[in-house]
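Given next are the chains, with one letter for each unit.
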Amino acid sequence: MSDENRPEDGLPPKRELPPERPVSSGQEPPRQEPPSRESPGREPSGQESPVGAAPEAGKGDGGGAKLTGRQRLAQAVWPPRVTRAQLIVALLLFVLGLGLAIQVRSTSENSALRGARREDLVRILDELDNRTKRLEEEKRKLDGQRTELETSSDQAEEARKQTREKEAQLGVLAGTVAAEGPGIHMKINDRTGAADADTLLDAVQELRAAGAEAMEINGVRVVASTHFTDSGGRVSVDGHRIEQPYRFEVIGKPADLEPALNIPGGVVQTLKNKQATVEVTRSGKITVDALRQVKRPDYARSSSQ
């Protein structure tokens, strides 16, 4: 036993308090907080609330109403506080968006040929070239007729001659007179049903674009008002049901008609892809003798009457 705890003069040993924890320099001794009054239903004051937990709504530092995050956001947004710089920026963005919308619209209107295939573009260019040549040839003929009328001594006789020629030309186009000349034969055999009314109409349109002047299909004359319909698995031309094989007799320039049908993506290639057989042959003499009756128009009248 140490000297400090040894009893002296018969007295009981002294009890000393445990030594206090030493406090480092610059550090304040811990303070004992008075017990705080806690509201019922809340956690004890010794436990800290989780980090980021929102304070209770309606309780603030001074005891007044405290706004929630949503309420503070609403107050920051409304009423709007717009400055002059923000108005200028908004106006510039509106003008820029309007310009872009107009540009996109104008580009989309002219993009029909941009998305076309190469073979389609080749076909369109060929058709345009052929149409330009035909128009130039017609212009030369009309110029020659005008010169003959101006220089002829008997202008009345020359005028009657040209009238008869014009009548014959219109009769060929209207299908009221027979026609003959160079052209092509086209024969279509189809066992799969690929050659429907739409396909035959596409063939007629391509031939017309290539310069066909007269045409008949299985003995039915094809004119401007000709229509094709599907009926019972068969094709009707102007109400006349035709049977396979479909035979086209076409008058025109063979060097223009045959390439128009055989271009990539054309009628011949489309039918062959659908297991149909197509034969196109040139001929120096094609006869189109199927005629149509003249139908008097119900409403249209000549403007010269």
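So, how was this worked out
- Residues numbered from 1 in each chain as written.
- Predicted model: local features only at pLDDT ≥ 70, side-chain atom pairs only at ≥ 80, totals over all residues.
- Heavy atoms only, no water.
- Core = buried A, V, L, I, M, F, W, Y, C linked by side-chain atoms within 4.5 Å.
- Buried < 20%, exposed > 50% of the residue type's maximum accessible area, 1.4 Å probe, protein only.
- Helix = DSSP H or I, 4+ residues; strand = E, 2+ residues; numbered from the N terminus.
- Salt bridge = Lys/Arg side-chain N within 4 Å of Asp/Glu carboxyl O.
- Patch = residues over 30% accessible without salt bridge, like charges linked within 9 Å, V, L, I, M, F, W, Y side chains within 5 Å.
- Areas by Shrake-Rupley, 256 points an atom, 1.4 Å probe, with all protein chains shown as cover.
- Axes fitted to C-alpha atoms, helices over the stretch in contact; angles between N-to-C directions.
- Parallel < 35°, antiparallel > 145°, perpendicular 65-115°, else oblique.
- Left-handed = near helix turned anticlockwise from the far one by under 90°.
- Contact = heavy atoms within 4.5 Å.
- Nonpolar A, V, L, I, M, F, W, Y, C, P; charged D, E, K, R; others polar.
- Pairing = 2+ DSSP bridges.
- 1 Å grid on protein atoms, 1.4 Å probe; cavity = no way out; pocket = protein on both sides within 12 Å on 5 of 7 lines; lining within 4 Å.
- Points joined across faces, edges and corners; volume = space filled by probe spheres on them.

1. Some thoughts on the nonpolar core
Side chains of nonpolar character tend, in soluble globular proteins, to be buried together.
Consideration 1: Within the largest apolar cluster, 31 residues are counted, with the highest numbers of intra-cluster contacts made by Ile 188, Leu 207 and Phe 248.
Consideration 2: Contributing elements (two or more residues each) for this core: strand E1 (179-189), helix H5 (197-209), strand E2 (214-217), strand E5 (234-237), strand E7 (246-251), helix H6 (254-262), helix H7 (267-273) and strand E8 (277-288).
Consideration 3: If one sorts the elements of this core by residue count, H5 sits on top with five residues.
Consideration 4: Counting five residues, the second-largest nonpolar core is a separate cluster that includes Ala 179, Ile 251, Ile 286 and Val 288.

2. What to know about the pattern of salt bridges
Side chains carrying opposite charge are able to pair once their charged atoms draw close together.
Consideration 1: Going through the model one piece at a time under the given rule, you end up with six salt bridges.
Consideration 2: A salt bridge links Arg 140 to Glu 137, with the shortest nitrogen-to-oxygen separation between them at 2.3 Å. A residue pair is termed a helical-turn pair when its members lie 3 or 4 positions apart in one helix, as Arg 140 and Glu 137 do in helix H3 (residues 118-151) at three residues.
Consideration 3: Judged by relative accessible area, Glu 137 falls into the partly exposed class, the value being 34%.
Consideration 4: Taking the shortest distance from any N to any O, the salt bridge between Arg 234 and Glu 243 comes out at 2.6 Å.
Consideration 5: Classification of Glu 243 as partly exposed rests on a relative accessible area of 41%.

3. Some remarks on a nonpolar patch on the surface
Consideration 1: Taken together, the side chains of Leu 91, Phe 94, Val 95, Leu 98 and Ile 102 define a hydrophobic patch exposed on the protein surface, amounting to about 530 Å² of accessible area.
Consideration 2: Tracing the backbone through its elements, the reader meets Leu 91 in helix H2 (residues 84-109).

4. Considerations on the packing of H5 against H6
Consideration 1: In contact at an axis separation of 9 Å, H5 and H6 are set at 140° when each is read in the N-to-C sense. When the axes of H5 and H6 are compared, the pair comes out oblique. When the axes of H5 and H6 are compared, the crossing they make is right-handed. The segment H5 lies against H6, with Ala 203, Glu 206 and Leu 207 engaging Leu 257, Ala 260 and Leu 261.
Consideration 2: Its residues placed into classes, the contact of H5 with H6 shows five nonpolar, no polar and one charged.

5. As for the pairing of E1
Every other side chain in a regular strand lies on the same face of the sheet, so the side chains alternate between the two faces.
Consideration 1: The pairing of E1 with E8 spans 10 bridges and is antiparallel. Looking across to E8, one finds that Ile 188 is bridged to Val 278.
Consideration 2: Note that E1 and E7 share six bridges and pair antiparallel. Among the inter-strand pairings, Gly 183 is bridged to a residue of E7, identified as Ile 251.

6. Let's talk about the layout of surface pockets
Consideration 1: Size it by volume and the largest pocket reaches roughly 1,200 Å³.
Consideration 2: Its residues assigned to classes, the lining of the largest pocket shows 15 nonpolar, five polar and 12 charged.

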